[in-house]
Amino acid sequence: MHTDRIEEYLETILYLITKNQSPAKTKQIAEELNVSPPSVTEMIKKLHSMGFVEYKPYQGVELTEKGAEEAIRIKRKHQVLETFLAEVLDFDRKEAHREACELEHAVSDSVLERLYDFLGNPEYCPDGHPINIDKSNLRREEGFIPLDEMKEGSSGTVARVTLPRETKERLTSLGILTGEDIEVRRKQKQGCISVMAVGSEIALGRDIAKKIFITPKGKSA
């Protein structure tokens, strides 16, 4: 059995548990990996025999402590690679995600840690999610979206800013910091976004806006 296939399943199960706030369903796993339900059932049995998962009929698949540790290791590898591809090699988020999916199975842990140090030990990946996951709190759902995906007239609270320190300090001086409310006034065709923050209108480029994550009004992170 190929190690990369095991890793794909564990990472998918972790993703679905986080998304569902409950066990991963075999049907969901099949859809995510584009495989047949019988193939999923067979793999779940193998993962169970390896001590990675527990399966309860009509409920779904849960990760054991061993499975959670392995799934988190794989996810972290993906996030570090994705960050490198996006921040250093200038891939867009979708391309970075796709390439990281391919590379994560081939890069050793020692190379990954060198990359992580090279990047300056970032807290978050380009999607705004923490790179170093708390194993005891896998089901914490973070309901934020990038500022550049918000619609005109919508508002929310700044949840996270994944920009270099100098840029974050400049944004903080303008009132764009974690916990502050923000409203999208206009979105220009060239990508510029005008927002209201602490009573002032501020124009942001799309490259900046896509790294500011907002919890929309009516949701909680």
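Here, the structure is the one placed above.
Residues numbered from 1 in each chain as written. Predicted model: local features only at pLDDT ≥ 70, side-chain atom pairs only at ≥ 80, totals over all residues. Heavy atoms only, no water.

Looking at the pattern of salt bridges
Heads up, the rule is: Each salt bridge in this description consists of a side-chain nitrogen of Lys or Arg and a carboxyl oxygen of Asp or Glu lying within 4 Å of one another. Going along the chain from the N terminus, every DSSP run of H or I of four or more residues is numbered as a helix, and every run of E of two or more is numbered as a strand. Per-residue accessibility, obtained with a 1.4 Å probe over protein chains only, is compared with the maximum for each type, and a residue is labelled buried under 20%, exposed over 50%, and partly exposed between these values.
Per the stated rule, a full pass over the model turns up twelve salt bridges. Residues Lys-46 and Glu-42 are paired through a salt bridge, measuring 3.5 Å at the closest nitrogen-oxygen approach. Here Glu-42 and Lys-46 lie together in helix 3 (residues 37–49), a separation of four residues that amounts to about one turn. Among the residues examined, Glu-42 registers a relative accessible area of 45% and is labelled partly exposed. Where Glu-201 meets Arg-186, a salt bridge forms, and the shortest distance between an N and an O atom there is 2.3 Å.

Things to note about the sheet that holds strand 5 (residues 181–187)
Condition: Any two strands are treated as partners once DSSP identifies two or more bridges connecting them.
On the basis of which strands lie adjacent, the open sheet formed by six strands has the order 3-8-4-5-6-7 and antiparallel pairing. With one partner strand each, in any of the chains shown, strand 3 (145–146) and strand 7 (200–204) form the two edges of the open sheet. In this structure, strand 3 lies alongside strand 8 (residues 212–216), joined through two bridges in antiparallel fashion. Bridging from a neighbouring strand, Pro-146 pairs with Phe-213 of strand 8.

Overview of unusual backbone geometry
Positive phi, normally seen in glycine, also occurs at Asn-34, with a value near 55°. Structurally, the position occupied by Asn-34 is in the loop between helix 2 (26–33) and helix 3. Relative accessible area serves as the criterion here: at 71%, Asn-34 is assigned to the exposed category. The backbone of Asn-121 sits at a positive phi, close to 55°, despite the residue not being glycine. Looking at Asn-121, the relative accessible area reads 41%, which means it is partly exposed.

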